[in-house]
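Descriptive analysis of the structure
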Amino acid sequence: MGTKRRPATEAEARALASAVRLRILRLCLDQALTNKEIADRLGANPATILHHVRKLVETEFLVAEPSRPGPRGSTEIPYRATGKSWDMDVRESGVPGGRAAMLDAFLEEVRLVDLEEVSFTRLGLRLTPEGRAELLERLQEVFEEFRVRQPPPDGEAYSLFFALHRDVSRDT
């Protein structure tokens, strides 16, 4: 797309080839969450989530914030997403599963909301390679514009999933 993204390393691509890890990054985008808070929101085992959190910290997609007191004298470590995944391209990493993980994460997240509240659009097009490149570049510019905006304190959280694919059913 329009923004020049750096190629992901193999370790980075492997970290992003998991729907669970992509969901963790989304959860920690606006606020730092502890491993237990992440596990509770995902309805998952905290030990399993800790494995994913460690992988995301190791690859710098998550960063640990200062520890804080937890229940019964424990210490909790909150984690926040760094936004690093936006600036990279995993396509040439040779690691399979990244695209499927992104689709799976989207499907898991959209299942949590009333479908009547989701905006869907489908459009059939015929494009030349140049037209396809132009469409992707212009969409990327809009995505980037909204990504860098300062979020309003009273704003609601939204997610956007975009897919452009060959319509093999129309070309025989």
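Structural data are supplied above this passage.
Residues numbered from 1 in each chain as written. Predicted model: local features only at pLDDT ≥ 70, side-chain atom pairs only at ≥ 80, totals over all residues. Heavy atoms only, no water.

As for the pattern of salt bridges
Test applied: Salt bridges are defined by distance alone: a side-chain nitrogen of Lys or Arg within 4 Å of a carboxyl oxygen of Asp or Glu. Helix and strand assignments come from DSSP, with helices taken as H or I runs of at least 4 residues and strands as E runs of at least 2, each series counted from the N terminus. Burial status follows relative accessibility: with a 1.4 Å probe on protein chains alone, a residue under 20% of its type maximum counts as buried, one over 50% as exposed, and anything between as partly exposed.
Here the structure, examined in full by the defined rule, presents 17 salt bridges. With a shortest N-O distance of 3.8 Å, Glu 109 and Arg 26 are connected by a salt bridge. Of this pair, Glu 109 sits in helix H5 (residues 98-110) while Arg 26 sits in helix H2 (residues 19-27); the two residues are 83 residues apart in sequence, bridging distant segments of the chain. For Glu 145, the salt bridge is made with Arg 149, and the minimal N-O distance between the two is 3.0 Å. Judged by its relative accessible area of 41%, Glu 145 falls in the partly exposed class. It is possible to trace a salt-bridge network through shared partners that takes in Arg 6, Glu 12 and Lys 84.

Some details on the side chain of Thr 59
Cut-off, in case you're wondering: Whether two residues are in contact is decided by their heavy atoms, any of which lying within 4.5 Å being enough.
Examined against the element boundaries, Thr 59 turns out to sit in the loop between helix H4 (46-58) and strand S3 (62-64). With sequence-adjacent residues up to four places away left out, Thr 59 is seen in contact with Ala 11, Glu 12, Ala 15 and Lys 84.

Some details on the nonpolar core
Applied cut-off: The set of buried Ala, Val, Leu, Ile, Met, Phe, Trp, Tyr and Cys residues whose side-chain atoms join them within 4.5 Å is what this entry labels a nonpolar core.
Membership of the largest hydrophobic core comes to 24 residues, with the highest contact counts inside it found for Ile 24, Ile 38 and Leu 62. Secondary structure elements with two or more residues in this core: helix H1 (10-16), H2, helix H3 (35-42), H4, strand S6 (78-81) and H5. If one sorts the elements of this core by residue count, H2 sits on top with 4 residues.

Concerning the side chain of Lys 84
For clarity, the cut-off: We define a polar contact as two N or O atoms separated by no more than 3.5 Å, with the added condition that, inside protein, one atom must be a possible hydrogen donor and the other a possible acceptor, whereas residues neighbouring each other in sequence contribute only through side-chain atom pairs.
Relative to the helices and strands, Lys 84 is located in the loop between S6 and strand S7 (88-89). Judged by its relative accessible area of 17%, Lys 84 falls in the buried class. Here the side chain of Lys 84 touches Glu 12 through a polar contact of 2.8 Å, side chain to side chain. Not counting residues within four places of it along the chain, the set of residues in contact with Lys 84 comprises Arg 6, Glu 12, Thr 59, Glu 60 and Phe 61.

As for the packing of H2 against H4
Defined as follows: With axes taken as lines fitted to C-alpha atoms, and helix axes fitted only over the stretch in contact, angles between N-to-C directions fall between 0 and 180 degrees. By the definition adopted for this analysis, an angle is roughly parallel if under 35 degrees, roughly antiparallel if over 145, roughly perpendicular if from 65 to 115, and oblique otherwise. Basically, the charged four are Asp, Glu, Lys and Arg, the nonpolar ten are Ala, Val, Leu, Ile, Met, Phe, Trp, Tyr, Cys and Pro, and anything else, Gly included, counts as polar.
Packing of H2 against H4 brings their axes to within 10 Å, and their N-to-C directions diverge by 75°. Here H2 lies roughly perpendicular to H4, going by the angle between them. Between H2 and H4, the residues in contact are Val 20, Arg 21, Ile 24 and Leu 25 and Ile 49, His 51, His 52, Val 53, Lys 55 and Leu 56, respectively. Its residues assigned to classes, the contact of H2 with H4 comprises 6 nonpolar, 2 polar and 2 charged.

Section: the pairing of S6
This is how the line gets drawn: Here a strand pair is declared whenever DSSP counts at least two bridges between the two strands.
Here 2 bridges tie strand S2 (residues 33-34) to S6, and the two strands are oriented antiparallel to one another. Paired with Leu 33 across the bridge in S6 is Tyr 79. Of the strand pairs in this sheet, S3 and S6 are connected by 3 bridges, and their pairing is antiparallel. Following the sheet pairing, Leu 62 is matched in S6 by Ala 81.

Regarding the packing of aromatic side chains
A ring pair, where both rings are aromatic, is described by two values, the distance of the centres and the angle of the planes. Put simply, the rule reads: Centres within 6.5 Å are what make two rings of Phe, Tyr or Trp a pair, Trp counting through its six-membered ring; a difference in plane orientation under 30 degrees is then read as stacked, over 60 as edge-to-face, and the rest as tilted. Over a ring means this: the NZ of a Lys or the CZ of an Arg is within 6 Å of the ring centre and within 35 degrees of the ring normal.
Under the definition given, this model contains 2 aromatic pairs. Taking 4.5 Å as the distance between ring centres and 20° as the angle between the ring planes, the aromatic pair formed by Phe 106 and Phe 161 counts as stacked. Residue Phe 106 is found in helix H5, and its partner Phe 161 is found in the segment after helix H6 (129-148); the two are separated by 55 residues along the sequence. In this structure, Arg 5 packs its charged tip against the face of Trp 86, placed 4.3 Å from the ring centre.

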